[in-house]
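Letter by letter, the chains look like this.
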Amino acid sequence: MDSEPQRIASPPGPGGSVVYFDGRSSRRRSVTLAFSDQLELHEPQIAAVRWPYADIRRADGPAGTLRLTCLTAPALARLEVRDAALAAELTARCTRLDENAPGRGVAAIVAWSLAAAVSIITVILFGVPLAADRLTPLVPQSFERRLGDVADGQVRIMFGNKVCNGAAGQAAFSKLVNALRDAAGLDPSVQTAVLATPIPNAFALPGGKVYLFNGLLARARDPDEIAGVLAHELGHLRHRDGTRNLIYNGGTSFLIGLLFGDVTGSGAMIFASRTLVTASYSREAEQGADDFSIEVMRKLGRPTKPMGELLFRVTGKQGDKGLSFLAGHPLTEDRLRHMTEASRPASGPPLLTGDEWQSLKTICKTAGAGKI
């Protein structure tokens with residue numbers, strides 16, 4: 001006997017039709033409902049279909065229609081109730097009706113998507129920089145030198161395969177670089193060159209390569225201005241900022257190369273094309289390189305203000321938005337202020353004589369420019 005008196009639903013009719021799809025065919029069937037310990041679906045001369053209330057779930061349906069499915073019925077079985085009284089009765093008995101409702105599923109997808117987006121942003125803002133800081137000291141120097149060689153190949157292509165090689169100018173440049181390198185405590189493996197390009201820039205590659213662009217040299221007024229910039233780039237070498245920046249920007253490509261010794265793949269290409277020329281170091285890295293330049297210039301007994309004046313002359317107060325030494329750096333006026341406050345009167349000999357400085361200034365005009 002049923003646990004409660006059986007109530008047979010009214011036969012389907014206008015405004016109260018109950019439609020059943022058995023999930024095995026596309027045939028639309030009209031049934032009556034009986035409420036006992038289970039929901040019973042009755043059709044003349046066909047055995048009743050029983051759906052446990054706990055297994056009934058709401059399915060997506062049009063407005064004004066309660067569409068139901070059952071976990072223990074065929075996957076495509078559906079019951080459509082348009083009668084409001086029957087719908088209310090079913091809703092009251094099916095306590096788990098909305099457990100897997102489509103709306104909730106969509107909401108869950110949206111929630112998980114937002115959580116994933118927040119996680120990705122968090123990793124980019126905090127996780128990747130932290131990983132770069134932790135991984136950089138672990139990169140072997142030999143690997144860093146090979147990486148610099150690959151990036152150097154990209155530089156050759158990008159800047160026309162030319163280096164300024166006037167003999168007198170090269171001698172003056174070597175004298176200046178050697179003084180800075182010794183004061184910075186770097187080994188003689190550091191390689192430097194002046195590139196024949198009008199772009200006012202300078203940058204360092206991993207493994208000990210520093211390039212000065214003739215466009216920056218042309219705007220300089222004395223050796224101390226160029227010396228400060230070169231010391232800044234030596235600071236990037238000492239702090240291994242190029243490798244750190246590569247890990248940050250190259251991400252997975254770099255890590256795969258690090259694991260398998262592939263420094264000719266996409267990681268090096270990203271480094272050369274996106275990171276090196278635009279000098280897009282973090283503000284912290286730039287501040288650290290500026291402080292390193294101040295330390296080196298003080299050891300040589302030379303003022304630090306000239307470097308700030310050169311940068312300000314190149315970019316102006318707000319900074320040039322194009323490709324320049326200041327791209328991605330702290331504000332020019334802030335750096336000039338910092339260099340001015342740190343500057344001391346000259347206590348050491350000039351880094352170059354007047355004749356040597358003029359030779360360096362014309363290094364790209366004397367005897368032309370040759371292949372790198």
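Being a predicted model, the structure only gives us computed values, none of them experimental.

Visitor: How do you make sense of the overall build of the protein when you look at a structure like this?
Guide: If you tally the helices and strands in the protein, you get 13 helices and 14 strands. Across the protein, every contact between residues at least 6 apart in sequence was considered, and the portion connecting residues at least 24 apart equals 66%.

Visitor: Where do I start with the nonpolar core in this structure?
Guide: Within soluble globular proteins, side chains that are nonpolar generally end up buried alongside one another. Leu176, Leu180, Leu212, Ile226, Leu230 and Leu234 are the most contacted members of the largest nonpolar core, which has 42 residues in total. If near-sequence neighbours (up to four positions away) are discounted, Leu176 is found in contact with Ile226, Ala227, Leu230, Leu351, Leu352 and Leu360. Counting 22 residues, the second largest nonpolar core, distinct from the first, contains Leu33, Cys70, Ala77 and Leu86.

Visitor: So what exactly am I meant to see when it comes to the pattern of salt bridges here?
Guide: When charged atoms on two side chains of opposite charge get close, those side chains can pair. This model, assessed by the stated rule, comprises 18 salt bridges. A salt bridge links Arg27 to Glu43, with the shortest nitrogen-to-oxygen separation between them at 3.6 Å. Taken together, the positions of Arg27 in the loop between strand S2 (18–21) and strand S3 (29–30) and Glu43 in strand S5 (residues 39–43) put the pair 16 residues apart, joining distant regions of the chain. In this structure, Glu295 engages Lys299 in a salt bridge whose closest nitrogen and oxygen atoms are separated by 3.6 Å. Of this pair, Glu295 and Lys299 both sit in helix H10 (residues 283–299), four residues apart, which is roughly one turn of that helix. For Glu295, a relative accessible area of 40% gives the class partly exposed. By sharing partners, the salt bridges in this structure join Asp22, Arg27, Arg29 and Glu43 into a single network.

Visitor: Hey, could you run me through empty space enclosed by the protein in this one?
Guide: Regions of empty space are outlined by a rolling probe, equal in size to a water molecule, passed over the atoms. Inspection of every chain in the model, using the stated rule, returns one cavity of 30 Å³ or more. By volume, the largest cavity amounts to about 30 Å³. Tyr20, Arg29, Val31, Leu41, Glu43, Ile46, Ala47 and Val49 are the residues that line the largest cavity. Elements supplying a minimum of two residues to the lining of the largest cavity: S5 and strand S6 (46–51).

Visitor: Before we go on, may I ask you to explain the layout of surface pockets in this structure?
Guide: In this structure, the largest pocket occupies an estimated 330 Å³ of space. Lining the largest pocket are 20 residues; nearest its centre among them are Gln141, Glu144, Gly207, Gly208 and Leu237. Taken together, the elements giving at least two residues each to the lining of the largest pocket come down to helix H3 (141–158), strand S12 (202–205), helix H6 (223–239) and helix H7 (241–250).

Visitor: Which parts of the structure should I look at to understand helix H1 (residues 84–93)?
Guide: An α-helical turn contains 3.6 residues, so any two residues separated by three or four positions project in the same direction. Listed in full, the buried residues belonging to H1 are Leu86, Ala87 and Leu90. Considered in projection along H1, the buried side chains sweep an arc of 100° and stay on one side of the axis. Counted as exposed and oriented over 90 degrees from the buried face of H1: Ala84, Ala85 and Ala92. At the N-terminal boundary of H1, the capping side chain belongs to Asp83, with an oxygen 3.0 Å from the backbone nitrogen of Ala85.

Visitor: What is the right way to look at H10 in this model?
Guide: Helix length check: H10 (17 residues) gives 24 Å between terminal C-alpha atoms against 24 Å at 1.5 Å per residue, within 8%. Trailing H10 by a residue or two, Gly301 shows a phi angle of about 70°, which is positive.

Visitor: Just checking my understanding: could you explain the state of the cysteines for this structure?
Guide: A covalent bond between the sulfur atoms of two cysteines is what we call a disulfide. Considering all chains together, one arrives at one disulfide under this definition. Two residues, Cys164 and Cys364, share a disulfide whose sulfurs are 1.6 Å apart. For the disulfide bridge between Cys164 and Cys364, the dihedral angle about the S-S bond is near 90°, and by the sign convention the bridge is right-handed. Of the two residues, Cys164 is situated in strand S10 (residues 162–164) and Cys364 in the loop between helix H13 (354–361) and strand S14 (369–371); the sequence distance between them amounts to 200 residues.

Rules and cut-offs
- Residues numbered from 1 in each chain as written.
- Predicted model: local features only at pLDDT ≥ 70, side-chain atom pairs only at ≥ 80, totals over all residues.
- Heavy atoms only, no water.
- Helix = DSSP H or I, 4+ residues; strand = E, 2+ residues; numbered from the N terminus.
- Contact = heavy atoms within 4.5 Å.
- Core = buried A, V, L, I, M, F, W, Y, C linked by side-chain atoms within 4.5 Å.
- Buried < 20%, exposed > 50% of the residue type's maximum accessible area, 1.4 Å probe, protein only.
- Salt bridge = Lys/Arg side-chain N within 4 Å of Asp/Glu carboxyl O.
- 1 Å grid on protein atoms, 1.4 Å probe; cavity = no way out; pocket = protein on both sides within 12 Å on 5 of 7 lines; lining within 4 Å.
- Points joined across faces, edges and corners; volume = space filled by probe spheres on them.
- Arc of directions from axis to C-beta.
- Polar contact = N/O pair within 3.5 Å; in protein donor to acceptor, adjacent residues only side chain to side chain.
- Expected span 1.5 Å × (residues − 1).
- Disulfide = S-S within 2.5 Å.

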